[in-house]
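Letter by letter, the chains look like this.
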Amino acid sequence: MVVDSAFLEACKAWDVRATSRSPFGFKKISISPGSSVTVRCLDSVFITRLMHYIDKRGVICPEEGCSLCSRGDRLATRHFINVLDKEANEVKVLEFSPAVRVSIKEVVEWLSTQTEIKLPSLDIRNYDLKITKMKVTEGNPWVVKYAGNDTVNTDVYTLYDLEKLLIPVTAAETYTIQEAAPVGASRPISDFSEPPKPVIPSIKEVENPLAKESIL
Ligand SMILES: [Zn+2]
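Draft legend 1. View of the overall build of the protein chain. Across its full length, the protein chain holds seven helices and seven strands. Across the protein chain, helices and strands are ordered from the amino to the carboxyl terminus as α-β-β-β-α-β-β-α-β-β-α-α-α-α. Counting the 216 residues in the protein chain, one finds 19% classified as buried. Sequence separation of 24 or more characterises 68% of the internal contacts of the protein chain that already satisfy a separation of 6 or more.

Written out as structure tokens, the structure is:
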């Protein structure tokens, strides 16, 4: 029997896409509201992409010559890191927002003060993180906690080459995408933004309440 391998190879690529629900060819960690997942990071650091969201589909912005930026479509900062899904014992990719990045940073900072937890270093690959998505309608739904430091032999896992998989679309492609998606299709989602900086009025504004008005 002759096997049409090219056809099967093509099917395999699409099967991966279907199961991962990711257009980038990797399995993504997905956390539904009210649930948690425990992961061990397999990269010491995340990589970052600027994304446009067209009808919930992530498009990596080419930055230079991007027609979606030119027409004012919102840009979202997204971070990506290889993780081991501890329950499934499977390598997946955690895609996370700046809000989650801040929560992970707080865990690392907290660990630096915990002398009774014995870690070879603060390297994020040395301990588990439990990531919870709370059922909330407003504000940051993400909670990240330290979840133990059992030994994980990271050598046995094959990581996704994120730099190769997360390639921006070309400037030319943004024109095709733009034609298919009217302005407004790229909906703002608050969790994608950088957390707001605290507003501290400048001395000038305190002295002269009209100063703020004159800026507006
Ligand atoms: Zn853009």
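Draft legend 2. Representation of the nonpolar core within the structure. Counting 21 residues, the largest nonpolar core has Val39, Cys41, Val83, Leu94, Ile131 and Val144 as its most contacted members. Elements represented by at least two residues in this core include exactly strand E1 (35-41), strand E4 (76-85), strand E5 (90-96), helix H3 (98-111), strand E6 (128-133) and strand E7 (142-146). With four residues, the single largest contributor to this core is E4. Those residues in contact with Ile131 that sit more than four places away from it in its chain are Ile31, Ser36, Val37, Val39, Trp142 and Val144. Grouped together as the second largest cluster of nonpolar side chains are seven residues, Tyr53, Val59, Cys66 and Leu68 included.

Draft legend 3. Local environment of the pairing of strand E3 (residues 57-60). With four bridges joining them, strand E2 (residues 47-54) and E3 adopt antiparallel strand pairing. Bridge pairing in E3 links Met51 to Ile60.

Draft legend 4. A look at the pairing of E6. Examined bridge by bridge, E1 and E6 share six bridges and lie antiparallel to one another. Among the inter-strand pairings, Arg40 is bridged to a residue of E6, identified as Asp128. Relative to E7, E6 runs antiparallel, the two being bridged by five bridges. By the bridge assignment, Thr132 is partnered in E7 with Val143.

Draft legend 5. Seen up close, H3. With 14 residues, H3 should reach 20 Å at 1.5 Å per residue; the first-to-last C-alpha distance of 20 Å fits that figure. Listing the buried residues of H3 in full gives Val100, Arg101, Ser103 and Ile104. Buried residues in H3, looked at end-on, bunch into an arc of 165°, giving them a common side. Projecting away from the buried face of H3 at angles above 90 degrees are the exposed residues Lys105, Glu106, Glu109 and Trp110. On its buried face, H3 sits against E4, E5, E6 and E7.

Draft legend 6. Geometry of unusual backbone geometry. Although it is not a glycine, Glu63 adopts a positive phi angle of roughly 65°. With respect to the helices and strands, Glu63 occurs in the loop between E3 and helix H2 (67-70).

Draft legend 7. Seen up close, the environment of Cys69. Mapped onto the elements of the fold, Cys69 is located in helix H2. Residue classification places Cys69 among the partly exposed residues on the basis of 18 C-beta atoms within 10 Å. With 17 residues separating them in the primary sequence, Cys69 and His52 have C-alpha atoms 8.6 Å apart. Residues contacting Cys69, with those up to four places away along its chain left out, are Cys61 and Leu75.

Draft legend 8. Expanded view of the confidence of the model for the protein chain. The predicted model of the protein chain averages 81 in pLDDT, with 78% of residues at 70 or higher. Below a pLDDT of 50 lies the segment residues 16-21, which in the model reaches nine contacts outside its immediate sequence neighbourhood of four places, other chains included. Across residues 188-216 the pLDDT falls below 50, and counting only partners more than four positions away or on other chains, this stretch makes 15 contacts in the model.

Rules used in this analysis
Residues numbered from 1 in each chain as written. Predicted model: local features only at pLDDT ≥ 70, side-chain atom pairs only at ≥ 80, totals over all residues. Helix = DSSP H or I, 4+ residues; strand = E, 2+ residues; numbered from the N terminus. Buried ≥ 20, exposed ≤ 12 C-beta atoms within 10 Å, placed from the backbone. Contact = placed C-beta atoms within 7 Å. Core = buried A, V, L, I, M, F, W, Y, C linked by C-beta atoms within 7 Å. Pairing = 2+ DSSP bridges. Expected span 1.5 Å × (residues − 1). Arc of directions from axis to C-beta. pLDDT = per-residue confidence, 0-100.

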